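Below, each chain spelled out in residue letters.
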Amino acid sequence: MKGELKALTSVRGIAAWFVVFFHIRFALDLPDPVLHVLAKGYLAVDFFFLLSGFVIWMVWGERIRAGGLASVPGFLQRRVARVWPLHIFMLGFAVALALALQFTGRGSDHFPWHELPLHVLLLQNWGFTEHLSWNDPAWSISCELAAYLLFPLLALAINWRRVPSWGVVGAIAVLLGLLHAIFAGTGAIALGQEITSLGLIRCVIEFATGTAVAALWLRWNEAWRNPALASFALALTFATGWALGLPETFAAPASFAALLLGLALTSARKGNPFEIAPLHYLGEISYATYLSHYLLWFAFKLAFVEDAHAVPWPLAAGFLLLVLLASVALYHLVERPAQRWVNGVRLRPAPSAALRSPRG
């Protein structure tokens, strides 16, 4: 198993806070250029999808190829342990909010009870619903579950190590070209559009792209260091083209793929600013930040905000501090303990003494 690339963990934390500011941007008195940047906060989710494919390929790709189907239950158990317990906890918080609103005569269409079982099972964004509901950011976790289920098939079907580098780069281009074609075919010009119908394919394609990026890192990290600069240059090129009119549905994930490779290739380098302890810790608690902030904002507005489009900065700062403290508490008191518990559950009984090998 490869060691952690701390720079990637740190950037995950930055991306999570980008999503937080995306959801509260209209409540803040900010200049238009800043609001324009924050309006693209939904793209942080695309980076998450790419990063997820990268990390899972790095950790599990060869393990599943070596272990075959027998390794799949263990893989899925660890992925469920990673995403489901905190999701259920926050869904419970949403249920409490919905009941409080109902009992006070302020029912909300945002909490459709008939869709709750889909959310419990993380199936809400598999084409069964027409609108985001309950805990909105969890739509991406629903899509990630589909990617996890497909990943063993990808790992067994494709051995990136046998594909030349130009072939891997070509596969990335084909995947991202396919993603753009699918969005263009529906008339969507932004990746944040039509989440309930296009979010699943968006996740699966970008997740698969992330596995190919990981394959490039695995072969280039020790043999060739220059791709780091090339990756940053390529990311800047795509980002510039995107700003000048290149379709977001291609340029954004292409930029993130190049950036991801560059960050991975420069990780663990001396003086890397993305590996300082505070940033790394923000990355560690980023899942809690991502899953909690939306419902906390919903509750915060009910309790303290009369006009959601004019929140005083001291009050907004209080909310941001609340999200940070909640992320810390959820990570240490819910996410990590639940993850250890689920991972500790035996999927099959241990062999009896009579069936154990002489070596134990």
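Above this text sits the structure in question.
Everything numeric in this text was worked out from a predicted model, so none of it was measured.

Thresholds applied
- Residues numbered from 1 in each chain as written.
- Predicted model: local features only at pLDDT ≥ 70, side-chain atom pairs only at ≥ 80, totals over all residues.
- Heavy atoms only, no water.
- Salt bridge = Lys/Arg side-chain N within 4 Å of Asp/Glu carboxyl O.
- Helix = DSSP H or I, 4+ residues; strand = E, 2+ residues; numbered from the N terminus.
- Buried < 20%, exposed > 50% of the residue type's maximum accessible area, 1.4 Å probe, protein only.
- Core = buried A, V, L, I, M, F, W, Y, C linked by side-chain atoms within 4.5 Å.
- Contact = heavy atoms within 4.5 Å.
- Patch = residues over 30% accessible without salt bridge, like charges linked within 9 Å, V, L, I, M, F, W, Y side chains within 5 Å.
- Areas by Shrake-Rupley, 256 points an atom, 1.4 Å probe, with all protein chains shown as cover.

Asker: Help me understand the pattern of salt bridges in this model?
Answerer: Oppositely charged side chains are able to pair whenever their charged atoms sit close together. Applying the stated criterion across every chain yields a total of four salt bridges. Here Arg202 and Asp46 are joined by a salt bridge, their closest N and O atoms 2.8 Å apart. Of this pair, Arg202 sits in helix 8 (residues 195-220) while Asp46 sits in helix 3 (residues 44-67), and the two are 156 residues apart along the sequence. Both residues of the pair, Arg202 and Asp46, belong to the buried class. The salt bridge partner of Glu62 is Arg161, with a shortest N-O separation of 3.4 Å. In this pair, Glu62 sits in helix 3 while Arg161 sits in the loop between helix 6 (138-157) and helix 7 (165-186), placing the two residues 99 residues apart along the sequence.

Asker: How should I be thinking about the nonpolar core in this particular structure?
Answerer: Buried together is how nonpolar side chains tend to be arranged in soluble globular proteins. One finds Phe54, Phe111 and Phe151 to be the most contacted residues of the largest nonpolar core, which totals 86 residues. The greatest single-element share of this core, amounting to 14 residues, is contributed by helix 3. With near-sequence residues (within four places) excluded, Phe54 lies in contact with Leu5, Leu8, Gly210, Thr211, Val213, Ala214, Trp217, Leu260 and Ala264. Counting residues in each nonpolar core, the second largest holds 17 residues, with Leu38, Phe300, Val323 and Ala326 among its members.

Asker: What's the story with a nonpolar patch on the surface in this structure? I'm lost.
Answerer: The grouping of Leu99, Phe103 and Trp113 at the surface amounts to a nonpolar patch, some 330 Å² of accessible area in total. Here Phe103 lies in helix 4 (residues 72-103).

Asker: I tried to follow the side chain of Thr249 on my own but got confused; where do I start?
Answerer: Topologically, Thr249 is positioned in helix 10 (residues 248-266). What makes Thr249 buried here is its relative accessible area of 2%. In this view, Thr249 contacts Leu176, Leu179, His180, Phe183, Ala188, Ile189, Ala190 and Leu191; residues no more than four positions away in its chain are not counted.

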